[in-house]
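Chain by chain, the residues run as shown.
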Amino acid sequence: MTRLKTILGVMLLSSVFSCLHAQTLAAGAGALLLSPQGGDKPPPPAPYRSAELLRTAAQTNQWYSSLIFHAVPEPLYAHPLSVRPTVKGLEVALPVKAVVPTERKDVEIHYAHEGALTFSPQGFVPSKAVLNKATDWAIDIGMSQGANQWIATVAHGSPYVSFRLTGDVLIDLPAAPEHLIDHPDPRILAVKLKDRAYAVFGPKGVRWEKISATQWRGHMPPGRGYFAAAGLPNTDSATLSLLSRHAYAFITNTQVNWAYDPEKSRVQSSFEVSTQAMEGDVDTPLLGLYPHQWHRNMSLTALEPVSYSSLRGPIKLLAAKSFSTSSTYQGFVPYWPGLSAGESVSDLKDILKTDVRNARRMMLEIGQGPYWQGKGLQRIGKLMDVVEQQGDLATRDQLLGLLKSRIEQWFSGKDRKSYFQLDKTLGTVTSYPEEYFSVEQMNDHHFHYGYWIRTMADIALRDPAWASQAQWGGMVDWLVADIATPERGRSDFPFLRNFDPYEGHSWASGVGLGAHGNNQESSSEAINAWAGLILWGEITKNTRLRDLGVYLYTTEIEAIEHYWFDVHGLVLPPEYQNVEVSMLFGGKIAHNTWWIDEPRQIKGINLLPVTTSSIYLGRHPAYIERNVAALKPEMALYASRGKYANPPDIWQDIFVKYLALAKPQQALNEWKRWGSFELGDTRSHALHWMLSLKEMGTPEPGVTANTPLYSVFKTPQGRKTYLAFNAGASEIQVTFSDGKRMTVAARKLAREN
């Protein structure tokens with residue numbers, strides 16, 4: 001009997017193992033689970049899409065993603081307009097600025113979805129709104145019912161929402177207008193409300209009927225079921241004529257393309273629009289350009305003399321089917337070289353001993369999920385950089401082993417608590433245990449996976465065999481695909497899940513909750529992810545991935561400098577009291593965090609993690625000093641509310657590293673050796689960072705190189721330090737834009753003064 005029980009037990013165990021094996025997808029030595037384990041929940045469905053889009057991966061983490069997840073969608077902010085589907089039809093609003101005081105004794109700036117016109121079809125009840133079509137920065141919202149058509153096209157930057165419909169349209173105004181705006185074209189119905197104005201451009205033969213003070217009906221002629229609605233930046237006749245001229249060029253497709261030129265260290269982005277002229281011979285649309293697109297863009301020669309006020313600053317109009325932008329990619333290297341002399345190096349040696357001794361504990365300070373585990377991995381990876389560059393290869397190998405062990409646990413697919421899972425229904429890789437609604441709401445995948453990708457790249461520099469596709473590197477491609485698939489219309493992953501190619505930055509919320517639209521808080525963690533793509537692509541000789549990373553990295557930096565930091569003074573209104581934006585939404589900006597309103601963490605969340613790819617923060621040293629100087633009055637204001645930071649110097653390492661990009665010696669003077677440090681960093685890395693900048697100088701953005709992994713620094717005395725890293729197997733020649741040339745050996749970091 002005992003022998004029979006043993007045999008049956010072995011057979012049962014074998015069956016369980018076989019079942020578990022069948023529920024995984026091999027990725028090199030690793031594996032993705034194909035279903036959540038235990039009580040873990042899958043990601044949400046995205047049912048509100050057309051039949052065609054339901055065959056593709058869900059378009060999560062976009063400005064319009066609320067539409068596909070929620071039976072009652074939140075407002076969608078396209079700038080300068082916003083829209084919201086309702087049971088009656090579609091609301092179209094031109095948001096206007098509101099200054100909203102907060103309990104923090106500062107203000108938020110809101111451009112809320114208010115004062116909307118509601119457009120409803122007549123003769124049929126519209127269906128539940130679905131995402132009918134999605135191109136790179138335009139969508140079609142479908143509310144058709146059987147043979148009755150109701151489709152609205154909404155695009156980033158466009159002053160119009162274009163409608164195709166069956167039958168007549170009913171227009172409900174939020175209040176009786178102050179007056180109608182005169183125009184000789186009978187197709188146009190234009191109204192001035194108290195604080196905004198709208199125009200509706202009907203087809204030839206349309207008849208506008210006033211039903212009441214707040215309601216109009218558009219009687220559509222046979223065979224001409226279309227119109228466009230626009231918000232008006234002013235009520236000048238010239239503006240109305242301009243908008244009328246281009247109103248019938250309906251957008252049918254939008255596409256962004258990018259190219260990285262290593263020789264010039266430039267990223268070229270092109271934006272192309274396809275249209276259909278609904279009547280007349282004008283098929284050229286009016287495109288609204290954001291500040292990061294029009295600022296210092298010498299290729300734009302024909303901007304219209306009309307602009308819209310928006311949360312992102314002035315949106316300027318361009319009558320064209322295409323335009324391009326060009327930005328400098330200013331590079332980074334995986335790590336900085338070691339330091340060899342001085343009393344401070346002895347201090348660094350002492351601190352390294354402490355950090356190495358605590359390394360295992362420091363890999364897991366707070367959370368068990370992919371965000372905090374990823375932060376812990378990168379934290380130790382950056383400690384490993386310092387240890388290695390200071391010549392302690394035995395300890396480097398010890399830390400390398402620690403990193404590998406933790407990653408193998410997660411990547412193996414054998415741990416039923418810590419694992420990655422492929423969800424084929426939504427089209428995503430999820431990770432468990434869940435943190436920050438990364439599964440339930442599809443939040444923050446680029447933040448979380450960016451830490452893992454960057455750490456894997458750092459390991460691959462030391463042990464390429466372990467990180468190869470056949471081994472543990474096979475899992476990295478899945479994480480990359482989840483956050484940055486460059487192909488459109490795939491069934492497994494969406495196009496650039498987290499990135500908005502028109503606004504130029506990422507979105508963190510997966511499902512788009514809240515009346516203020518989608519949002520992103522930690523712009524710097526997005527940069528960390530794109531830097532990981534660059535490094536992984538370069539190491540694995542995947543030029544296409546590297547170039548994509550360069551495009552995302554460079555473009556997001558441009559957006560950060562405009563919309564988070566406003567370094568050019570073009571975006572933030574005078575009423576906004578803070579130096580930077582910490583939380584950016586579709587419909588508001590705020591100086592806060594999701595977890596606390598303490599000023600040091602509010603400021604620091606858009607700086608961390610400070611690594612070698614963070615030197616973009618040093619492009620505007622005067623802004624750094626202004627930003628850091630704002631901490632004192634902000635903390636005083638916080639104290640006036642009876643609140644205090646705990647500890648008082650929380651994240652002091654982040655701020656001295658940031659300050660060191662402008663004033664290295666001042667940063668060293670202010671640093672407290674045994675003071676607080678952020679749990680994604682170490683004291684060793686902070687001290688090495690500051691000492692390196694004191695020695696090399698601050699970033700020199702005016703010099704570029706013809707290779708993706710480079711950095712240039714300059715002291716106040718004018719001495720430059722050139723760094724270049726060669727991830728390949730053969731020696732390379734690097735030429736800098738100021739004429740400096742360097743020979744860089746295979747898989748080495750080179751430094752010359």
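This structure is a prediction, so every number in the text was calculated from the model and none was measured.

Another point: the nonpolar core. Formed by 234 residues in total, the largest nonpolar core has its most connected members in Phe119 and Phe201. For phenylalanine 201, the contacting residues outside a window of four places in its chain are Tyr160, Arg187, Ile188, Phe227, Ala228, Ala230, Leu240, Leu243, Ser244, Ala247 and Tyr248.

Here we take up empty space enclosed by the protein. A complete count under the given rule lists 9 cavities of 30 Å³ or more for this structure. In this structure, the largest cavity is lined by 16 residues; those nearest its centre are Gln330, Gly331, Ile615, Tyr616 and Arg619. Looking at the lining of the largest cavity element by element, the count peaks at 3 residues for helix 12 (residues 543-564). Along the lines of polarity and charge, the residues of the lining of the largest cavity split into 10 nonpolar, 4 polar and 2 charged.

A few words now on the layout of surface pockets. Its volume calculated, the largest pocket comes out at about 780 Å³. Taken together, 35 residues make up the lining of the largest pocket; nearest its centre are Tyr436, Asp444, Glu521, Trp594 and Trp595. Residue assignment for the lining of the largest pocket shows that the elements contributing at least two residues are helix 7 (370-389) and helix 9 (445-462). At 3 residues, helix 7 tops the list of elements feeding residues into the lining of the largest pocket. Residue classes in the lining of the largest pocket are distributed as 19 nonpolar, 11 polar and 5 charged.

This part takes up the sheet that holds strand 33 (residues 698-699). Strands sit in the order 33-34-35-38 across an open sheet of 4 strands; the sheet is antiparallel. Taken across any chain shown, the strands that pair with only one partner, and hence form the sheet edges, are strand 33 and strand 38 (748-752). Where strand 33 lies against strand 34 (residues 710-714), 2 bridges are found, and the strand directions are antiparallel. The residue bridging proline 699 from the neighbouring strand is phenylalanine 713, located in strand 34.

Let us now look at the packing of aromatic side chains. Tallied over the entire structure, the rule returns 41 aromatic pairs. Measuring from ring centre to ring centre gives 6.3 Å for tyrosine 160 and phenylalanine 201, while their planes differ by 75°; the resulting arrangement is edge-to-face. Of this pair, tyrosine 160 sits in strand 12 (residues 160-165) while phenylalanine 201 sits in strand 16 (residues 197-201); the two residues are 41 residues apart in sequence, bridging distant segments of the chain. Between tryptophan 258 and phenylalanine 495 the ring centres are 6.5 Å apart and the planes differ by 20°, which places this aromatic pair in the stacked class. In this pair, tryptophan 258 is assigned in strand 20 (residues 249-261) and phenylalanine 495 in the loop between helix 10 (474-484) and strand 28 (499-500), connecting sequence segments 237 residues apart. Residue tryptophan 258 is classed as partly exposed on the basis of its relative accessible area, which comes to 21%. We classify phenylalanine 495 as buried; its relative accessible area is 16%. A network of ring pairs unites the aromatic residues Tyr260, Tyr329, Phe332, Tyr553, Tyr710, Tyr722 and Phe736 as a single cluster. One cation-aromatic arrangement involves lysine 128 over tyrosine 48; the distance from NZ or CZ to the ring centre is 4.2 Å. Geometry around phenylalanine 495 places arginine 488 over its ring, the cationic atom sitting 4.3 Å from the centre.

With that settled, consider helix 18 (residues 683-696). In this model, helix 18 (14 residues) spans 20 Å end to end at C-alpha, consistent with the 20 Å of a helix rising 1.5 Å per residue. Within helix 18, the full set of buried residues consists of Arg683, Ser684, His685, Ala686, Leu687, His688, Trp689, Met690, Leu691, Ser692, Leu693 and Met696. Two residues or fewer past helix 18, glycine 697 is found with a positive phi of approximately 105°.

Time to look at the sheet that holds strand 24 (residues 315-319). Paired through their backbone hydrogen bonds, the strands of a sheet run either parallel or antiparallel. Strand order in the open sheet formed by 3 strands is 22-24-23, and the pairing between neighbours is antiparallel. Every interior strand has two partners, whereas the edge strands, strand 22 (286-289) and strand 23 (303-308), have only one. When the angles between neighbouring strand axes are averaged without regard to direction, this sheet yields 35°. Bridge analysis of strand 23 against strand 24 gives 3 bridges, and the strand direction is antiparallel. Residue leucine 303 lies in a different strand from strand 24, and its bridge partner there is leucine 318. Sheet strands in contact with helix 3 (residues 237-246) are strand 22, strand 23 and strand 24, and its direction is about 105° off that of strand 23.

Here helix 9 is 18 residues long and its end C-alpha atoms lie 26 Å apart, about the 26 Å a rise of 1.5 Å per residue gives. Burial runs high along helix 9: 18 of the 18 residues are buried.

Averaged over every residue, the pLDDT of the chain is 95; the share at 70 or more is 97%. Segment residues 1-22: pLDDT under 50, and 3 contacts once partners within four positions in sequence are set aside and those in other chains are kept.

This part takes up the pairing of strand 19 (residues 226-232). Taken across its 7 residues, strand 19 has 7 buried, putting it largely inside the fold. The alternating pattern of strand 19 places Tyr226, Ala228, Ala230 and Leu232 on one face and Phe227, Ala229 and Gly231 on the opposite face, and all of these are buried. Where strand 12 lies against strand 19, 5 bridges are found, and the strand directions are antiparallel. Each bridged residue has a counterpart across the sheet, and for valine 161 the counterpart in strand 19 is alanine 229. Alignment of strand 16 against strand 19, held across 5 bridges, turns out to be antiparallel. Its bridge partner lying in strand 19, alanine 199 is registered against alanine 230.

Quick look at the side chain of arginine 312 now. Looking at where arginine 312 falls in the secondary structure, it is placed in the loop between strand 23 and strand 24. By relative accessible area, arginine 312 is classed as buried at 1%. Of the polar contacts made by the side chain of arginine 312, one reaches the backbone oxygen of phenylalanine 585; its length is 2.8 Å. With residues up to four places along the chain from it excluded, the contact list for arginine 312 reads His79, Tyr290, Pro291, Glu503, His505, Trp507, Tyr563, Val571, Leu584, Phe585 and Gly586.

When you line up the elements, arginine 683 lands in helix 18. Buried within the structure, arginine 683 lacks any salt-bridge partner; aspartate 355 is the closest side chain of opposite charge, at an N-O distance of 5.1 Å.

Following both chains from N to C, one finds helix 9 and helix 10 inclined at 150°, their axes separated by 10 Å at the closest point. With respect to the hand of their crossing, helix 9 and helix 10 are arranged in left-handed fashion. Across the interface between the two elements, His445, His446, Tyr449, Trp452, Ile453 and Met456 from helix 9 touch Val476, Leu479, Val480, Asp482 and Ile483 from helix 10. Here the residues of the contact of helix 9 with helix 10 sort into 8 nonpolar, 2 polar and 1 charged.

Turning our eyes to something else, we now look at the pattern of salt bridges. Applying the stated criterion to the full structure yields 43 salt bridges. Note that glutamate 487 and arginine 544 form a salt bridge whose closest N and O atoms lie 2.5 Å from each other. You can see glutamate 487 sitting in the loop between helix 10 and strand 28 and its partner arginine 544 sitting in helix 12, a full 57 residues away along the chain. The class for glutamate 487 is partly exposed, based on a relative accessible area of 24%.

What counts as what
Residues numbered from 1 in each chain as written. Predicted model: local features only at pLDDT ≥ 70, side-chain atom pairs only at ≥ 80, totals over all residues. Heavy atoms only, no water. Core = buried A, V, L, I, M, F, W, Y, C linked by side-chain atoms within 4.5 Å. Buried < 20%, exposed > 50% of the residue type's maximum accessible area, 1.4 Å probe, protein only. Contact = heavy atoms within 4.5 Å. 1 Å grid on protein atoms, 1.4 Å probe; cavity = no way out; pocket = protein on both sides within 12 Å on 5 of 7 lines; lining within 4 Å. Points joined across faces, edges and corners; volume = space filled by probe spheres on them. Helix = DSSP H or I, 4+ residues; strand = E, 2+ residues; numbered from the N terminus. Nonpolar A, V, L, I, M, F, W, Y, C, P; charged D, E, K, R; others polar. Pairing = 2+ DSSP bridges. Phe/Tyr/Trp six-rings, centres within 6.5 Å; stacked < 30°, edge-to-face > 60°. Lys NZ or Arg CZ within 6 Å of the ring centre and 35° of its normal. Expected span 1.5 Å × (residues − 1). Axes fitted to C-alpha atoms, helices over the stretch in contact; angles between N-to-C directions. pLDDT = per-residue confidence, 0-100. Polar contact = N/O pair within 3.5 Å; in protein donor to acceptor, adjacent residues only side chain to side chain. Lys, Arg positive; Asp, Glu negative; His and termini not counted. Salt bridge = Lys/Arg side-chain N within 4 Å of Asp/Glu carboxyl O. Left-handed = near helix turned anticlockwise from the far one by under 90°.

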